[in-house]
Amino acid sequence: MTNLPEHAGPSGTPEMRASDADRDRVAQVLRDAAGDGRLTLAELDERLDAVYAAKTYAELRPLTRDLPAAGTDPVPPPAGGVDYRPVDDAPTWKTGIGVLSGFRRSGVWNAPASFFTFAFWGGGKIDLREARFAGGEMTIHAWAIMGGVEVVVPDDLAVHVRGLGIMGGFDGRASGPGDPGAPKVVVKGFAFWGGVDVKRRARKGRKRKKDREQLEE
């Protein structure tokens, strides 16, 4: 956005890696600008080359800064209204260890691309219902030895469970698609005499909205 500080990228993190969809959206802004006569064909070709060579939001942002459409975020929140983008002041946890003890990761926090959790004669809970995501996918590496790990994922996210349980459980029933544009959560790992339980739950606000819609029907 043009009203962000100079150092900030579209989501406040200029180092965030851009996706193919991000590059395509910026390229469309440039093509529209050329169609309006704001860019010459030579300028369009030059900027498109830069778009498809860009690796981060910081490289994409300057390419539309002098165009009217630059006031829109190249990575807008999904149509469902949930903002998955990171929050500057929120914590970022990359591990959760429960050895003869427990841990909990919940509330508003910035989820990393890779999260490692280990439970031995202990347990832990990873709650993603208020988490924010720096990228389009998060992988949770969960190991449970005579312990347990519970993962709670909001029902608007895509979920893929690929773990293995031996004399224990690695529940994959939560696997399924999410809303268009929502991040994906992959849970993989191993459970021995223990368990990894992945659950899908509605967000609090989302649940109330669904309840109201059902009452109106």
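See above for the structure.
Fair warning: this is a prediction, and the values are worked out from it, not measured in the lab. (Residues numbered from 1 in each chain as written. Predicted model: local features only at pLDDT ≥ 70, side-chain atom pairs only at ≥ 80, totals over all residues. Heavy atoms only, no water.)

## Examining the overall build of the protein chain
Phase 1: Within the protein chain, the secondary structure is distributed over four helices and 13 strands.
Phase 2: Counting the 217 residues in the protein chain, one finds 41% classified as buried.
Phase 3: Considering only contacts within the protein chain whose residues lie at least 6 apart along the sequence, 65% involve residues at least 24 apart.
Phase 4: Accessible surface computed for the protein chain: about 11700 Å², of which carbon and sulfur atoms make up 54%. (Helix = DSSP H or I, 4+ residues; strand = E, 2+ residues; numbered from the N terminus. Buried < 20%, exposed > 50% of the residue type's maximum accessible area, 1.4 Å probe, protein only. Contact = heavy atoms within 4.5 Å. Areas by Shrake-Rupley, 256 points an atom, 1.4 Å probe, with all protein chains shown as cover.)

## Digging into the nonpolar core
Phase 1: Membership of the largest hydrophobic core comes to 29 residues, with the highest contact counts inside it found for Ile126, Leu128, Phe133, Ile140, Val196 and Val198.
Phase 2: Looking at this core, the elements that each hand over two or more residues are strand 4 (114-120), strand 7 (137-145), strand 8 (148-154), strand 9 (158-161), strand 12 (184-192) and strand 13 (195-201).
Phase 3: Setting aside chain neighbours within four positions, we find Leu128 in contact with Trp109, Phe133, Met138, Ile140, Val152, Val153, Pro154 and Val185.
Phase 4: Core analysis: the next-biggest nonpolar cluster, separate from the first, contains 17 residues, Met16, Leu30, Leu44 and Tyr57 among them. (Core = buried A, V, L, I, M, F, W, Y, C linked by side-chain atoms within 4.5 Å.)

## Observations concerning a nonpolar patch on the surface
Phase 1: Taken together, the side chains of Ile97, Val99, Leu100, Phe116, Trp121 and Trp143 present a nonpolar region at the surface, about 610 Å² in accessible area.
Phase 2: Summarising the element assignment, Trp121 is placed in the loop between strand 4 and strand 5 (123-127).
Phase 3: Given a relative accessible area of 52%, Trp121 falls into the exposed group. (Patch = residues over 30% accessible without salt bridge, like charges linked within 9 Å, V, L, I, M, F, W, Y side chains within 5 Å. Salt bridge = Lys/Arg side-chain N within 4 Å of Asp/Glu carboxyl O.)

## Points about helix 1 (residues 20-35)
Phase 1: Between its first and last C-alpha, helix 1 extends 22 Å over 16 residues, near the 22 Å set by a 1.5 Å rise per residue.
Phase 2: Of all the positions in helix 1, only Asp22, Arg23, Val26, Ala27, Val29, Leu30, Ala33 and Ala34 are classed as buried. The buried residues of helix 1 occupy an angular sector of 155 degrees when the element is viewed end-on, so they sit on one face. Those residues of helix 1 that are exposed and angled more than 90 degrees off the buried face are Asp20 and Gly35.
Phase 3: Buried residues along helix 1 sit in contact with helix 2 (41-53) and helix 3 (57-60).
Phase 4: Trailing helix 1 by a residue or two, Gly37 shows a phi angle of about 85 degrees, which is positive. (Expected span 1.5 Å × (residues − 1). Arc of directions from axis to C-beta.)

## Focus on unusual backbone geometry
Phase 1: Unusually for a residue other than glycine, Met146 sits at a positive phi of about 50 degrees.
Phase 2: Locating Met146 in the fold gives a position in the loop between strand 7 and strand 8.

## Observations concerning the packing of helix 1 against helix 2
Phase 1: For the pair helix 1 and helix 2, interaxial distance at closest approach is 9 Å and the crossing angle is 175 degrees. Our classification of the angle between helix 1 and helix 2 gives roughly antiparallel. When helix 1 is examined against helix 2, the residues Arg23, Asp24, Val26, Ala27, Leu30, Arg31 and Ala34 are found in contact with a partner set consisting of Leu44, Arg47, Leu48, Val51 and Tyr52.
Phase 2: Residue composition of the contact of helix 1 with helix 2, grouped by class: eight nonpolar, no polar and four charged. (Axes fitted to C-alpha atoms, helices over the stretch in contact; angles between N-to-C directions. Parallel < 35°, antiparallel > 145°, perpendicular 65-115°, else oblique. Nonpolar A, V, L, I, M, F, W, Y, C, P; charged D, E, K, R; others polar.)

Keep in mind these numbers describe shape, not what the thing actually does.
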